[in-house]
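As a plain string of letters, each chain reads:
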Amino acid sequence: GAPRVGITGTCMGGALALVGAVHADVDCCAPFYGTPDPSLADTSTITIPVEAHFGALDNLAGFSDVEAANKLKESLAKNSPGSVVHIYDGVGHGFMNSAPDKPKISDDVSVETGFPPAQKDVQQLAFERLEAFFAKHLKQ
């Protein structure tokens, strides 16, 4: 086994990463644009470091919009001091995808999502923060 474990995910995977932070033996958690239903996990009980990432233009109400991000921030403040919730301007849900506005499903199929297009600078900043967070909490 690994001496230290970090968990991350996007969308439903972000919500499940937070479920893991509540119910699994992990050392840190870095969810992207997703929060779990309170019946699955009470995020106020998380005691490990969390670094969460959300888009300011995300419109998935109650799951990954700014209100959900701020609710998570308040919840984490109870038992996980030092945790941070980043909200990035100008991007929405799926902002780490190469084309969140029109993802390629197969070679000849793309789908319009209504999400804002990718912003490479935001993606790079979020990924650099993720790498630094994991390095801080997982390296021995």
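Described below are features of the structure shown in this document. Since the structure is predicted, the reported quantities are computational estimates derived from the model, not experimental observations.

**Quick word on the overall build of the chain**
No. 1: Looking only at helices and strands, one finds 3 helices and 6 strands in the chain.
No. 2: Listing the helices and strands of the chain from first to last along the sequence gives β-α-β-β-α-β-β-β-α.
No. 3: At 15 Å, the chain has a C-alpha radius of gyration in line with the 14 Å of a compact globule built from 140 residues.
No. 4: Along the first, second and third principal axes, the C-alpha set of the chain runs to 45 × 30 × 25 Å.
No. 5: Taking all 140 residues of the chain together, 39% fall into the buried category.
No. 6: When contacts within the chain are restricted to residue pairs at least 6 apart in sequence, those whose partners lie at least 24 apart make up 53%.

**Points about helix H2 (residues 66-76)**
No. 1: Inspection of H2 places Ala 68, Ala 69, Leu 72, Ser 75 and Leu 76 among the buried residues, and these make up the whole buried set. Down the axis of H2, the buried side of the element spans an arc of 120°, and every buried residue falls inside it. Opposite the packed face of H2, turned more than 90 degrees from it, sit the exposed residues Glu 67, Lys 71 and Glu 74.
No. 2: Check the buried side of H2 and you find it contacts helix H1 (12-23), strand E3 (51-55) and strand E4 (84-88).

**Focus on unusual backbone geometry**
No. 1: Despite not being glycine, Cys 11 has its phi angle at roughly 60°, a positive value.
No. 2: Checked against the element boundaries, Cys 11 lands in the loop between strand E1 (6-10) and H1.

**Some thoughts on the pairing of E1**
No. 1: Both E1 and strand E2 (residues 28-32) contribute to a ladder of 5 bridges, which runs parallel. Its bridge partner lying in E2, Gly 9 is registered against Pro 31.
No. 2: Crossover E1 to E2 through H1 is right-handed.

**Observations regarding the nonpolar core**
No. 1: Judged by nonpolar contacts, the single largest core of 26 residues is most densely connected at Cys 29, Ile 46, Val 50, Phe 54, Leu 72, Val 85 and Phe 95.
No. 2: Of all the elements, helix H3 (residues 120-138) adds the most residues to this core, at 5 residues.
No. 3: Setting aside residues up to four positions removed in sequence, Val 50 forms contacts with Leu 18, Cys 29, Pro 31, Leu 76, Ser 80, Ser 83, Val 84 and Phe 133.

**Observations concerning the pattern of salt bridges**
No. 1: Summed over the entire model, instances satisfying the criterion amount to 2 salt bridges.
No. 2: Put simply, Arg 4 and Asp 27 hold a salt bridge, and the shortest N to O gap is 3.6 Å. Of this pair, Arg 4 sits in the segment before E1 while Asp 27 sits in the loop between H1 and E2, and the two are 23 residues apart along the sequence.
No. 3: The closest approach of N and O atoms between Lys 102 and Glu 112, which form a salt bridge, is 3.5 Å. Of this pair, Lys 102 sits in the loop between E4 and strand E5 (104-106) while Glu 112 sits in the loop between strand E6 (109-110) and H3, placing them 10 residues apart in sequence.
No. 4: Among the residues examined, Lys 102 registers a relative accessible area of 40% and is labelled partly exposed.

Cut-off values and rules
Each chain carries its own residue numbering, running from 1 in the direction its sequence is written. In keeping with the predicted nature of the model, local features appear solely for residues at pLDDT of at least 70, side-chain atom pairs appear and are counted solely at 80 or more, and the whole-chain, interface and lining totals rest on all residues. Water and hydrogen atoms were dropped before computing side-chain values, which therefore reflect all heavy atoms in the structure. A run of H or I in DSSP becomes a helix once it reaches four residues, and a run of E becomes a strand once it reaches two; helices and strands are each numbered from the N terminus. Radius of gyration here is computed from C-alpha atoms only, and the compact-globule reference equals 2.2 Å multiplied by the residue count raised to the power 0.38. The buried label goes to any residue with under 20% of its type's maximum accessible area, the exposed label to any with over 50%, and the partly exposed label to all in between, with areas taken from a 1.4 Å probe on protein chains only. Whether two residues touch is decided by their heavy atoms; if any such pair falls within 4.5 Å, the residues are in contact. In this description, the arc belongs to the directions extending from the helix axis to the C-beta atoms. One bridge is not enough; two strands pair if DSSP finds at least two bridges between them. Handedness of a crossover: with both strands directed away from the viewer, a clockwise path from the first strand across the helix to the second marks it as right-handed. Each nonpolar core is a collection of buried residues, namely Ala, Val, Leu, Ile, Met, Phe, Trp, Tyr and Cys, held together in the definition by side-chain atoms within 4.5 Å. Basic side-chain nitrogens of Lys or Arg form a salt bridge, by our definition, when they fall within 4 Å of a carboxyl oxygen of Asp or Glu.

Such coordinate-based values are descriptive only and should not be taken to indicate function.
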